[in-house]
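Remarks on the overall topology
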Amino acid sequence: MILLQTRRVARTLMILCCLWGTGSSSWAADPAARALTGEQTKFFESNIRPVLVRECYGCHSKQSGQSKGGLRLDTQAATLQGGDSGAAIVPGDLDASLLYGAITHTDFVMPPKRKLSDAEIADFRTWILSGAADPRIVHPVDSPATAIDDQTIEQAKRSFWAYQPPQRSELAEVGDASDDWSKTTIDRFLKAKLDQSGLAPADDADAPTVLRRLCFDLIGLPPTPEQHRHFALAFERDPGEAIAVIVDQLLKQPEYGQHWGRHWLDVVRFAESTGREVNMTYPHAWRYRDYVIDSFNADKPFDEFVREQIAGDLLPAADDREWSEHLIATTFLAMGTKNVNEQSRAQFAADLADEQIDTSTRVFLGTSVACARCHDHKFDPIRQSDYYAMAGIFRSTKTFFGNPPSQYGSFSGPQTRQTSSLILLPVADENPIGRSYTQDELQQLHEQIQQKRLELSQLRRGNNSTGAGPMSQQMRIRLSNELASLSAKLSVVDERGDPRSYCMGVQDGSVSGDAPLLVRGEIDQPADRVPRGIPVVLGQIDPPSPRSSGRLELARWIGSEHNTLAARVMVNRIWHHVFGQGIVPTTEDFGMTGIAPSHPALLDHLSIEFVDSGWSVKEIVRQLVCSRAYRMQSRMDRTSHESDPDNRLLWRANVKRLPAESLRDAMLSVAGKLQTESPRASKVAQAGYMRVRSDQLEDPRDRFARAFGTMLTSRGRSGRFRADRLRESNDMSIDSVSANYRSVYLPVVRDFLPRSLEVFDFADPSLVTGARETSNTPNQALYLMNNPLTVRLSESFAKRLIRESRTQQDRIESAFQLVYGRSPSVAEQMASQEYLEQSGLSPLSALSTFCQSLFASAEFRYLN
Amino acid sequence: MYTRRELLKHSSAGFGYLALAGMASRSQLRAAPIEHSSVTHPLAPKPPHFPATAKRVIFLCMQGGPSHVDTFDYKPALIADNGRLGQYGGSLLKSPWAFRQRGQSGLWISDLFPNVAKQADDLCLIRSMHCDQPVHPGAMTQMHTGTAQFVRPSLGAWTLYGLGTDNEDLPGFISLSPPAGSSRNYSSAFLPAIYSGADVGRSGSRFAQLSRSATTNNPTVPDIRNPNLTPPQQRRQLDFIQTLNRAQSVDVNAAAVEGVIESYELAFRMQDAIPELMDLSGEDQRTLAMYGADAEPTLTFGRQCLLARRFAEAGVRFIEVTHGNWDQHTRLTADHQARAEACDQPIAALLADLKQRDMLRDTLVIWGGEFGRTPSAQNGDGRNHNNKGYTLWMAGGGVKGGYSYGATDEHGFAAVENPCHVHDWHATVLHLLGLDHERLTYRYAGRDFRLTDVHGNVAHDIIA
């Protein structure tokens, strides 16, 4: 009960924040349902419409092609919805009706050149107070006939593999019982297919190769020389047992979650900024990153993990801590790319829901529904109405991705037209994250805001020496931007100047309902409303309870075995990371255009195992790496290669290029520099809410101010908490050359990735990526030859060798052990000595460049 | 266990000269200077199958799908039928831009490209393009590799594989600041990695490029200089790296190791060649102004076009420059205008500059997107994707100037006259380069692959 109450308080706070966000709340309502009386129509036609046409349509109508300030006034829906600043008309409420404020010159001055007559203003007053009856209703057009008939859908449901429930195989039927290669069920499935094609599995790889694979595949880091020694002995005694023991250890290490969490972050297009033209940071996105890492480490049941991300805000929570965690999980829906510069609010809302539909269906179901926004899906049996069934759910959901308003309000500028608030967490951070301000600094901020507001209003009234014209326009834009940035600083701290704890995420909207199908996806062409639900071919969900979006019902269906895809899609993702290629290679497309599974029965078997294990990701990982197949060599076999060039039947292990993070982390680790403690938050959180325009995460004005030690610097109050590690170096560059923490914690700003990640095919954070590309380019060579980070770590590595070994020979031996997990051959030992002696460099430089050479070599970059 | 020589014959990726050099001198595993042998160098120039009219390609890739009916495909019926219900649903939308006849040839080109229109007599419009993919990623990949289904080498990689390059200090195939996450479009797939496109300049979206070009005067390649080592010192280090690479067992990861080895050699040579080539400070103000490389809105693309000319001059075989985003489902009038304004002048300047240097003769300039847009409206002022019919143009390199090939129907929905599929276009481009698309094959996993798979007909009519 007490808990419930605290939560209610927090919810009230949250709702306060909600009220400030972009509202599309009127969107789903249907105020047009009532017919107008003759008198209402007459009043509108004679007193209101002519004025609107004469005075407003020039800049705010479809006919004129203009919707200045995102506002159109030529239909009832558009008028109620309003523009960038809010609803133009709120029936019965003069104060909330911005149009009334504008014609009375209270806040806006409209029409711009003259004021309406008192009589006209009085008419508008009467009209609004009496309910703003408006006959300008866009009547729904006919829904287009669907090209996909019921029979096609039934047919697909019956025959297409991905829409069938996974089938349990009789194990006795799998493979040859006398086969002595197979160690696990997985092996039997694989062996059976190899036998059918007359192929043989490759021999086992040696111990160092297997251990290197295990460590990089499970925790993304190289094994230590000690681990190699222990493992070699154990592997000789009993390979299966040796693997089982080390796998147990590795799965318990926190580095497991950091590595596997990153795989998930690829899929969910995790990023800390909006991307697009006006690239605004998401200073709170890191919470979701940490939530993912923690969830993988805790082996949170995957079905629960799914439900939390889609509808965490609606799930029951035992306490406020859990509630916080659930809210953070919904960041998943909030962190997509956004065009905050979009003029039309309706368009923005439609695009936002579209991004959520697209991501959710491809991430969890391997199905692309977003193709059906404008017409029936061209390849899969998904109708346009299926899309709008889902759109109703997401359009009834409110997304929080921006920055809360300060006491001065929310400032949308010419660049960030679409603003949004954040969700205040029920549990505050123990040590606040982000900038804090002293009372003096707070005072200065307030004064600056008041000063700028004054300047702006003077400018609006024309009381300025620059007068009207382009100069004044430019000044207005500059002032608006400065106000927005000052307000953003003030709004995230409490009255003592300490940062509050926010997260991005979603809530059910204040009004919910079914969405109309939009003909050709055009927001001006609404047809009949489609009951909320999921694509017919995939199944059915419970109808949403009244006043709710239906997101909870959706989450409960996706995160369950009631659909045929979620478990399959996830075990296939795991398979992809362990074996280098999915059973379905198109990890996001389990539809008609995707590639069919190489081993459908195995995929089914694994997804049943997954569900039976309580959706344990660790259990599936364990089963895969404990198979005989995982132990195979990657040696080429010409005959097998000609028969199965893509190795789809897995006759050998796939060679894998180390991912960008592992390359950097392994260099840090070998150099003895890897910081094991996770950094707090993220550089982006330190930078706060800002527009990113360069490789520096700092507003040039602030950098200038900081350089001169004036205000707006973050002064960590040393008495209360330590200055954050991230800020120690004052290095706000995205490349983060001096950082020693794991790569998963590097800033992920859309379009401005750290070089160390970008050059090695990091997943584009604007796209859902289940399988990264692995290129091999001269840019990678240049990075390893010349990049300051490579150079720095090579030096650290050299110093480590000097510290730990005395003779040159020992250092060479030790270097090979650390980097490759093996001793150098005689020839390599000789070549190394020769290089060290003849490099023409000082001894330290020679050793550093020797170390760099090992990092640069192919053997280090690939996992055989 | 294979010998290297066997692998050279049978490996999926083939083996270049370095592996051979390694084999010859590596019995002692001692670093030896790399010898550049034109016989075995994988980038060495190779003779074409038959005399070529084009020696190199500059591909101006218009990402997002520029509207053909608003640029190069004049449709009077679309004007007449404005607002009427179109063949494929939606009401027809006439172009917001006027079309005019241009040059001696009288080609119809809209006012969206006033500067390019002045070069009409050098343009060869293919007004009957079509492809199989209705969405961007698929269509983009098909335009580059012929298929969206499989990972296959791109047109540039095939060209480089077929012809080698004239300057081995530079990548033979350069993609200038390509969009992030698009490396599949310039990759070599199963061809040796040395044939894949090198991205020069940081990749990233149009927005990131705009931001970056606003802050730096001379875009260059990151990490192009070593902070500590002199070139001879670095060469010694590189020889050691290559020694380590060659010590790798050859039957495990041959193609990748080979790719790594070659990437270091190329990177080492690029360190000298690239900064000089990318330094535009030597260009006179008149040239910069001609390309619009001195001011917005043409700054970014103007520089890239100028760089493309410099790379072409330096002997790079295939240069790709991407310009996006043409995907106007809404705000067609404003945004198509803005896209065109950013590239019209630079493209015209590139054509004129190549001509004045007598390079247009043997340089094939290609302009085109992954598809076109529907003649019917979307969202009022917008158009949807249209892969059934669209326009792509080429200039120089032996194509007919002032010529129009093929046609769409009266409104521009679908290619109806001399339809030119992406495969046909690929076959034609290779033909202009002196390569027979049916003979340009690569044996991978026991099968001969080619860019056009089992398709492709050369459009002989467009060849001068």
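Keep in mind that what you see is a predicted model, and the values were worked out from it rather than measured.

Turning to the pairing of strand β1 (residues 56-62) of chain B, a few remarks are in order. Residues and elements named next belong to chain B. Of all seven residues that make up β1, seven are buried, and the element is covered over most of its length. Every second residue of β1 is oriented toward a common face, with R56, I58, L60 and M62 on one face and V57, F59 and C61 on the other, all of them buried. Relative to strand β8 (residues 363-369), β1 is paired through seven bridges, and the arrangement is parallel. Looking across to β8, one finds that R56 is bridged to T363. In terms of strand pairing, β1 meets strand β7 (residues 318-323) through six bridges, oriented parallel. Bridge assignment links V57 to a residue of β7, and that residue is F318.

Taken together, the contact between chain B and chain A spans 66 residues of the former and 63 residues of the latter. Only β6 (198-200), α7 (206-215), α8 (231-246) and α9 (254-278) of chain B provide two or more residues apiece to the side of chain B that touches chain A. A total of ten residues in the side of chain B that touches chain A trace back to one element, the largest contributor, which is α9(B). Its residues assigned to classes, the side of chain B that touches chain A shows 29 nonpolar, 29 polar and eight charged.

This paragraph deals with the nonpolar core. Nonpolar side chains in soluble globular proteins generally cluster together in the buried interior. Judged by nonpolar contacts, the single largest core of 329 residues is most densely connected at L60(B), C124(B), A308(B), I319(B), V365(B) and W393(B). In terms of residue count, the dominant contributor to this core is α9(B) (13 residues). Setting aside its immediate chain neighbours within four residues, V365(B) contacts I58(B), L60(B), L350(B), L351(B), M394(B), A395(B) and G396(B). In this structure, F44(A), L71(A), A87(A) and F124(A) belong to the second largest nonpolar core, which totals 21 residues.

All names here are of chain A. Mapping A353 onto the fold places it in helix α16 (residues 345-365). What makes A353 buried here is the crowd of 26 C-beta atoms within 10 Å. In the structure, A353 is positioned 43 residues away from S396 in sequence and 9.3 Å away in space, judged by C-alpha atoms. If we ignore the near neighbours within four places in the chain, the residues touching A353 are A391, F394 and R395.

For chain A, the domain assignment lists domain 1 (274-424 + 505-558), domain 2 (439-500) and domain 3 (786-863). Averaged C-alpha coordinates put domain 2 of chain A and domain 3 of chain A at centres separated by 56 Å.

The next subject is helix α12 (residues 286-297) of chain A. Residue and element names in this part refer to chain A. Here α12 contains twelve residues, and its C-alpha end-to-end distance of 17 Å stays within 8% of the 16 Å for a straight helix at 1.5 Å per residue. Within α12, nine of the twelve residues are buried, which leaves it mostly tucked inside the rest of the structure. Looking only at α12, the buried set comprises W286, R287, Y288, R289, Y291, V292, I293, S295 and F296. Directly after α12, the chain includes D299, whose backbone phi takes a positive value near 50 degrees.

Cut-offs and rules
Per-chain numbering applies: the sequence of each chain, read as written, is numbered from 1 onward. Going through the entries in the order they are written, you letter the chains from A and number the ligands from 1. Side-chain atom pairs in this predicted model are given and counted only at pLDDT of 80 or more, local residue features only at pLDDT of at least 70, and totals for whole chains, interfaces and linings cover all residues. Each residue is classed by its C-beta neighbour count within 10 Å, where at least 20 other C-beta atoms makes it buried, 12 or fewer makes it exposed, and intermediate counts make it partly exposed; the C-beta atoms are placed from backbone geometry. Where helices and strands are cited, they refer to DSSP runs of H or I of at least four residues and of E of at least two residues respectively, numbered from the N terminus. Strands are treated as partners if at least two bridges between them are detected by DSSP. By definition, residue pairs are in contact when their C-beta atoms, positioned from the backbone, come within 7 Å. Ten residues, namely Ala, Val, Leu, Ile, Met, Phe, Trp, Tyr, Cys and Pro, are considered nonpolar, four, namely Asp, Glu, Lys and Arg, are considered charged, and the remaining ones, Gly among them, are considered polar. What makes a nonpolar core is a set of buried Ala, Val, Leu, Ile, Met, Phe, Trp, Tyr and Cys residues, with links drawn between C-beta atoms within 7 Å. Source of the domain bounds: an automatic or database domain assignment. Each helix should span, by expectation, one fewer than its residue count multiplied by 1.5 Å.

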